[in-house]
Amino acid sequence: MTTLPRLLTALAVVATILTACPSPEPVPVEPSAEDLKSDFVSAMHGRRDGVRSIHDAIVAGTLPEAREAGRTLARVEVDTALPETWAVMNTELEFAVKGITEAVDLNAAAADAAVTVGTCGSCHRAAGAQLQFEPLPHPDRTEDGSRHHMVRHQVAARALWQAVVSNSDEHWNNGLTWLAAGPVEQSEFPEHVVLDDRAREFEALVHGIAAEGHGVTDPKARVTLYGRLIAVCAGCHAHTQGGPASVPSAP
Ligand code: HEC
Ligand code: HEC
């Protein structure tokens, strides 16, 4: 992996500049390159958790939670001095996250969330960073009676944001394959959920996006598809008053 040495070189340059400037004030001990590197990785973990919460809140169709998760992500600061090309992407990221915190509806939040994960992916590409995510449970092993279809959607949608953040073709293709499983049946939902025409339209949109995404390798096109997808998940959950927010979590 080339990223670590490159980051450390950038940090070492900063450290040299800092030590080269004599100051009459007693200066606190400068953090070592190792400390800065571990701060940077912690910030990345904070960002990963932040993006996951935003994704989950939008999928659930809960705008206030999505905005709040955006505020939490905005508070994750990268204090390390960044090479200029990375700093530009970092600013783009901050701008998109601000958009989530101010989103007027779920479609707007979904679009800004997609741009956010897109900037994560751009910087990782520029930096040659190789990201490893925890392996996702294979959806066929999460069979859970009537909710099987939704659990598949859930795992699929997670694979897609991870694909965009980490530029992984494998996650992208897995996500699309898992998403395409269907069709959804009324019998998969509790009685109070009515799978009416509108709900079926949303479901058809999910399957349409899955079909459209195959073979798409352009990062920006992936970002757009991902944003459209989570807006559809959110739309159907709002329409049916269903979704993760309505399902009591397993004991
Ligand atoms: C300014 C550039 C930049 C941006 C923007 C950025 N990252 Fe990173 N990220 C990096 C670099 C560089 C590494 C590799 C660090 C290393 O060498 O270990 C990394 C590594 C990571 C890692 C792996 C950390 C580990 O355990 O080693 C995760 C997870 C991550 N980033 C998540 C994110 C998420 C999520 C976003 C967007 C919300 C994001 N990053 C935005 C540059 C960036
Ligand atoms: C046809 C409309 C519809 C679409 C489209 C839809 N959902 Fe759902 N989803 C529901 C309903 C209704 C429930 C509530 C089911 C229940 O109460 O058991 C639900 C429940 C869920 C749950 C909770 C399952 C559980 O048991 O914890 C998750 C997770 C979920 N959906 C994810 C998604 C994702 C991700 C997408 C988009 C890729 C999506 N859904 C698209 C209607 C939809």
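Residues numbered from 1 in each chain as written. Chains lettered and ligands numbered in written order. Predicted model: local features only at pLDDT ≥ 70, side-chain atom pairs only at ≥ 80, totals over all residues.

Participant: Looking at this model, I keep getting lost on the overall build of the chain. Mind explaining?
Facilitator: When helices and strands are tallied, the chain shows nine helices and zero strands. In sequence order, the chain lays out its α and β elements as α-α-α-α-α-α-α-α-α. When the 251 residues of the chain are sorted by exposure, 34% land in the buried category. (Helix = DSSP H or I, 4+ residues; strand = E, 2+ residues; numbered from the N terminus. Buried ≥ 20, exposed ≤ 12 C-beta atoms within 10 Å, placed from the backbone.)

Participant: What am I meant to see in the packing of helix α6 (residues 148–166) against helix α9 (residues 219–240) here?
Facilitator: In a pair of packed helices, the angle between the axes and the distance between the axes together describe the arrangement. Contact geometry of α6 with α9 gives a least axis separation of 10 Å together with a crossing angle of 150°. The orientation of α6 with respect to α9, classified from their angle, is roughly antiparallel. Taken as a pair, α6 and α9 cross one another with a handedness that is left-handed. Judged by residue contacts, His-153, Ala-157, Leu-160, Trp-161, Ala-163 and Val-164 of α6 engage Arg-222, Val-223, Tyr-226, Leu-229, Ile-230 and Cys-233 from α9. Residues that form the contact of α6 with α9 fall into these classes: 10 nonpolar, one polar and one charged. (Axes fitted to C-alpha atoms, helices over the stretch in contact; angles between N-to-C directions. Parallel < 35°, antiparallel > 145°, perpendicular 65-115°, else oblique. Left-handed = near helix turned anticlockwise from the far one by under 90°. Contact = placed C-beta atoms within 7 Å. Nonpolar A, V, L, I, M, F, W, Y, C, P; charged D, E, K, R; others polar.)

Participant: What is the right way to read the site of ligand 2 from this model?
Facilitator: Taken together, 26 residues sit near ligand 2, with Met-150, His-153, Cys-233, Cys-236 and Gly-242 positioned nearest. Elements that contribute at least two residues to the shell around ligand 2 include exactly α6, α8 (197–213) and α9. Looking at the shell around ligand 2 element by element, the count peaks at six residues for α9. Partitioned by chemical class, the residues of the shell around ligand 2 number 17 nonpolar, seven polar and two charged. (Near = placed C-beta within 6 Å.)

Participant: Looking at this structure, how should I read helix α3 (residues 63–74)?
Facilitator: Because an α-helix completes one turn every 3.6 residues, residues spaced three or four positions apart along the sequence face the same direction. Taking 1.5 Å of rise per residue, 12 residues should cover 16 Å, and α3 covers 16 Å from first to last C-alpha, within 8% of that figure. Along α3, the residues classified as buried are Ala-66, Ala-69, Gly-70 and Leu-73. One side of α3 carries all its buried residues, which in axial view fall inside an arc of 105°. (Expected span 1.5 Å × (residues − 1). Arc of directions from axis to C-beta.)

Participant: Sorry, what's going on with the site of ligand 1 here?
Facilitator: Residues in contact with ligand 1 amount to 23 residues; listed here are only the nearest, Met-44, Cys-120, Cys-123, Ala-127 and Ala-129. At the level of secondary structure, the elements contributing two or more residues to the shell around ligand 1 comprise α1 (3–20), α2 (33–60), α4 (84–101) and α5 (106–127). Here the shell around ligand 1 is composed, by residue class, of 15 nonpolar, six polar and two charged.

Participant: Looking at this model, I keep getting lost on α4. Mind explaining?
Facilitator: A rise of 1.5 Å per residue sets the reference length of α4, with its 18 residues, at 26 Å; its end C-alpha atoms lie 26 Å apart and thus fit the reference within 8%. Every buried residue belonging to α4 is among Met-89, Leu-93, Ala-96, Val-97 and Ile-100, and all of these are buried. The buried residues of α4 occupy an angular sector of 100° when the element is viewed end-on, so they sit on one face. Relative to its buried face, α4 has exposed residues pointing more than 90 degrees away, namely Glu-84 and Thr-91.

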